[in-house]
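Fold and contact review
Below are the chains, spelled out letter by letter.
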Amino acid sequence: MSARSSIVDKLVSILSTMDGIIVPTNMYGNVTKRLVFWDEVTDFPHISVVAGPEQREYLPGNFKWATLTVNLKIYVSDEDPVASLEQLLQDIEILIDDNNSIEYATGLVTQDVRLVSIETDEGLLAPYGVGDVSLQILYEVQH
(Lines give C-alpha, C1' and ligand atoms only; values in the text may rest on other atoms or scores of the structure.)
Protein backbone atom coordinates (compact mmCIF):
# COMPACT_ATOMS: atom_id res chain seq x y z
CA MET A 1 0.00 0.00 0.00
CA SER A 2 1.33 3.49 -0.85
CA ALA A 3 2.20 6.05 1.81
CA ARG A 4 -0.63 8.28 0.52
CA SER A 5 -3.22 5.53 0.99
CA SER A 6 -1.81 4.52 4.37
CA ILE A 7 -1.93 8.11 5.66
CA VAL A 8 -5.54 8.53 4.50
CA ASP A 9 -6.50 5.20 6.13
CA LYS A 10 -4.91 6.31 9.39
CA LEU A 11 -6.72 9.67 9.29
CA VAL A 12 -10.02 7.85 8.73
CA SER A 13 -9.23 5.71 11.76
CA ILE A 14 -8.37 8.75 13.91
CA LEU A 15 -11.50 10.68 12.90
CA SER A 16 -13.64 7.59 13.50
CA THR A 17 -12.64 7.69 17.18
CA MET A 18 -15.03 10.61 17.71
CA ASP A 19 -17.58 8.90 19.92
CA GLY A 20 -18.93 11.70 22.10
CA ILE A 21 -16.54 10.87 24.96
CA ILE A 22 -13.16 12.37 23.99
CA VAL A 23 -14.83 15.20 22.05
CA PRO A 24 -18.55 16.14 22.06
CA THR A 25 -19.26 14.92 18.50
CA ASN A 26 -20.13 11.29 17.78
CA MET A 27 -19.41 10.25 14.18
CA TYR A 28 -21.18 6.85 14.47
CA GLY A 29 -18.58 5.45 12.06
CA ASN A 30 -19.57 7.86 9.26
CA VAL A 31 -16.02 8.56 8.08
CA THR A 32 -15.06 7.36 4.60
CA LYS A 33 -11.97 7.52 2.44
CA ARG A 34 -13.80 8.43 -0.72
CA LEU A 35 -15.44 11.66 -1.80
CA VAL A 36 -19.16 11.70 -1.08
CA PHE A 37 -21.35 14.62 -2.12
CA TRP A 38 -23.90 16.10 0.30
CA ASP A 39 -26.91 14.76 -1.64
CA GLU A 40 -25.51 11.20 -1.31
CA VAL A 41 -25.19 11.30 2.48
CA THR A 42 -27.92 9.52 4.43
CA ASP A 43 -26.35 9.40 7.93
CA PHE A 44 -25.14 12.62 9.51
CA PRO A 45 -22.63 13.82 10.51
CA HIS A 46 -20.33 12.54 7.77
CA ILE A 47 -16.67 13.13 6.85
CA SER A 48 -15.01 12.22 3.54
CA VAL A 49 -11.20 12.01 3.67
CA VAL A 50 -9.52 12.39 0.28
CA ALA A 51 -5.84 12.67 -0.68
CA GLY A 52 -5.07 15.65 -2.86
CA PRO A 53 -1.91 16.85 -4.55
CA GLU A 54 1.54 16.02 -3.26
CA GLN A 55 4.72 18.07 -3.59
CA ARG A 56 8.24 16.68 -3.34
CA GLU A 57 11.45 18.25 -2.10
CA TYR A 58 14.66 16.52 -3.15
CA LEU A 59 17.69 16.93 -0.89
CA PRO A 60 21.28 15.66 -1.03
CA GLY A 61 21.93 12.02 -0.19
CA ASN A 62 18.77 10.78 -1.96
CA PHE A 63 16.64 12.23 0.85
CA LYS A 64 13.10 13.26 -0.15
CA TRP A 65 10.32 15.05 1.70
CA ALA A 66 6.72 14.82 0.53
CA THR A 67 4.02 17.31 1.46
CA LEU A 68 0.62 15.70 0.99
CA THR A 69 -2.59 17.71 0.93
CA VAL A 70 -5.56 15.87 2.42
CA ASN A 71 -9.05 17.32 2.11
CA LEU A 72 -11.88 16.65 4.54
CA LYS A 73 -15.42 17.23 3.29
CA ILE A 74 -17.75 17.52 6.27
CA TYR A 75 -21.54 17.27 6.24
CA VAL A 76 -24.05 17.87 9.05
CA SER A 77 -27.82 18.06 9.26
CA ASP A 78 -29.34 19.97 12.15
CA GLU A 79 -31.84 22.68 13.08
CA ASP A 80 -28.78 24.89 13.63
CA PRO A 81 -26.30 23.55 11.06
CA VAL A 82 -23.83 26.40 11.58
CA ALA A 83 -23.41 25.62 15.29
CA SER A 84 -23.30 21.86 14.64
CA LEU A 85 -20.67 22.31 11.93
CA GLU A 86 -18.59 24.65 14.12
CA GLN A 87 -18.59 22.07 16.94
CA LEU A 88 -17.49 19.31 14.56
CA LEU A 89 -14.74 21.51 13.09
CA GLN A 90 -13.50 22.28 16.61
CA ASP A 91 -13.45 18.54 17.44
CA ILE A 92 -11.51 17.78 14.24
CA GLU A 93 -8.97 20.45 15.13
CA ILE A 94 -8.50 18.91 18.59
CA LEU A 95 -7.91 15.45 17.09
CA ILE A 96 -5.46 16.79 14.49
CA ASP A 97 -3.54 18.71 17.16
CA ASP A 98 -3.40 15.58 19.34
CA ASN A 99 -2.14 13.46 16.40
CA ASN A 100 0.59 15.66 14.96
CA SER A 101 2.77 12.60 14.28
CA ILE A 102 0.88 9.71 12.71
CA GLU A 103 2.36 6.22 12.45
CA TYR A 104 0.96 5.21 9.08
CA ALA A 105 3.04 2.04 8.65
CA THR A 106 5.40 0.03 10.84
CA GLY A 107 8.25 2.38 11.72
CA LEU A 108 7.01 5.16 9.40
CA VAL A 109 5.74 8.33 11.03
CA THR A 110 4.62 11.66 9.60
CA GLN A 111 6.78 14.59 10.65
CA ASP A 112 4.03 17.19 10.76
CA VAL A 113 0.26 17.41 10.32
CA ARG A 114 -1.12 20.92 9.90
CA LEU A 115 -4.63 22.21 9.52
CA VAL A 116 -4.18 24.76 6.71
CA SER A 117 -7.69 26.03 5.99
CA ILE A 118 -11.30 25.75 7.08
CA GLU A 119 -14.28 26.80 4.95
CA THR A 120 -18.02 26.46 5.56
CA ASP A 121 -21.20 27.17 3.63
CA GLU A 122 -22.15 29.70 6.38
CA GLY A 123 -25.69 28.27 6.63
CA LEU A 124 -26.50 28.62 2.94
CA LEU A 125 -27.75 25.00 2.68
CA ALA A 126 -29.74 24.90 5.95
CA PRO A 127 -30.81 22.49 7.42
CA TYR A 128 -27.59 21.01 6.05
CA GLY A 129 -24.10 22.29 6.72
CA VAL A 130 -21.05 21.69 4.55
CA GLY A 131 -17.45 22.30 5.58
CA ASP A 132 -14.07 21.85 3.96
CA VAL A 133 -10.84 21.32 5.88
CA SER A 134 -7.46 21.19 4.19
CA LEU A 135 -4.54 19.44 5.90
CA GLN A 136 -0.88 19.40 4.94
CA ILE A 137 1.08 16.34 5.97
CA LEU A 138 4.86 16.20 5.81
CA TYR A 139 6.55 12.80 5.60
CA GLU A 140 9.78 11.27 4.38
CA VAL A 141 9.59 9.41 1.07
CA GLN A 142 10.98 5.91 1.48
CA HIS A 143 12.85 4.19 -1.33
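Okay, so let's go over this structure. (Residues numbered from 1 in each chain as written. Predicted model: local features only at pLDDT ≥ 70, side-chain atom pairs only at ≥ 80, totals over all residues. Heavy atoms only, no water.)

**Some thoughts on the sheet that holds strand β6 (residues 112-120)**
Taken in spatial order, the five strands line up as β1-β2-β3-β7-β6 in an open sheet, and their pairing is mixed. One side of each edge strand has no neighbouring strand; the edge strands of this open sheet are β1 (31-32) and β6. Taken together, the two bridges between β1 and strand β2 (residues 46-59) define a ladder with parallel strand orientation. In the strand pairing of β2, T32 is matched with S48. (Pairing = 2+ DSSP bridges. Helix = DSSP H or I, 4+ residues; strand = E, 2+ residues; numbered from the N terminus.)

**A word on the pairing of strand β3 (residues 63-77)**
The side chains of a regular strand alternate, first on one face of the sheet and then on the other. Two strands pair when backbone bridges link them, and β2 and β3 are joined in this way by twelve bridges, in the antiparallel orientation. Bridge pairing in β3 links R56 to A66.

**Let's talk about the side chain of D121**
By the element assignment, D121 lies in the loop between β6 and β7 (128-140). Summary of buried charges: D121 has no salt-bridge partner, and the nearest side chain of opposite charge, K73, is 9.8 Å away. Setting aside anything within four residues of it in sequence, one finds D121 in contact with L85, Y128, G129 and V130. (Buried < 20%, exposed > 50% of the residue type's maximum accessible area, 1.4 Å probe, protein only. Lys, Arg positive; Asp, Glu negative; His and termini not counted. Salt bridge = Lys/Arg side-chain N within 4 Å of Asp/Glu carboxyl O. Contact = heavy atoms within 4.5 Å.)

**Section: helix α2 (residues 81-98)**
Relative to the 26 Å expected for 18 residues at 1.5 Å per residue, α2 spans 26 Å between its end C-alpha atoms, a close match to the ideal helical length. For α2, the complete set of buried residues consists of P81, L85, L88, L89, D91, I92, L95 and I96. Angular distribution of buried residues about the axis of α2 spans 160°; they occupy a single face of the element. When the buried face of α2 is taken as reference, the exposed residues oriented beyond 90 degrees from it are D97 and D98. Looking at the packing, one finds that the buried side of α2 touches α1 (3-15), β2, β3, β6 and β7. (Expected span 1.5 Å × (residues − 1). Arc of directions from axis to C-beta.)

**Some words on the pattern of salt bridges**
Using the criterion set out here, one finds four salt bridges in the structure. For the salt bridge of E54 with R56, the shortest nitrogen-to-oxygen distance reads 2.8 Å. Judged by relative accessible area, E54 falls into the partly exposed class, the value being 23%. For R56, a relative accessible area of 39% gives the class partly exposed.

**Focus: the nonpolar core**
Among the nonpolar cores identified, the biggest contains 32 residues, and I47, V49 and L72 are the most heavily contacted of them. Elements with a minimum of two residues in this core: α1, β2, β3, α2 and β7. When near neighbours in sequence (up to four residues on either side) are disregarded, L72 contacts L15, I47, S48, V49, I92, G131, D132, V133 and L135. (Core = buried A, V, L, I, M, F, W, Y, C linked by side-chain atoms within 4.5 Å.)

**Brief notes about the environment of F44**
As for its position among the elements, F44 is in the loop between β1 and β2. Between the C-alpha atom of F44 and that of N26, which follows or precedes it by 18 residues, the distance is 9.8 Å. F44 has contacts with N30, Y75, V76, S77 and Y128, leaving out every residue within four places of it along the chain.

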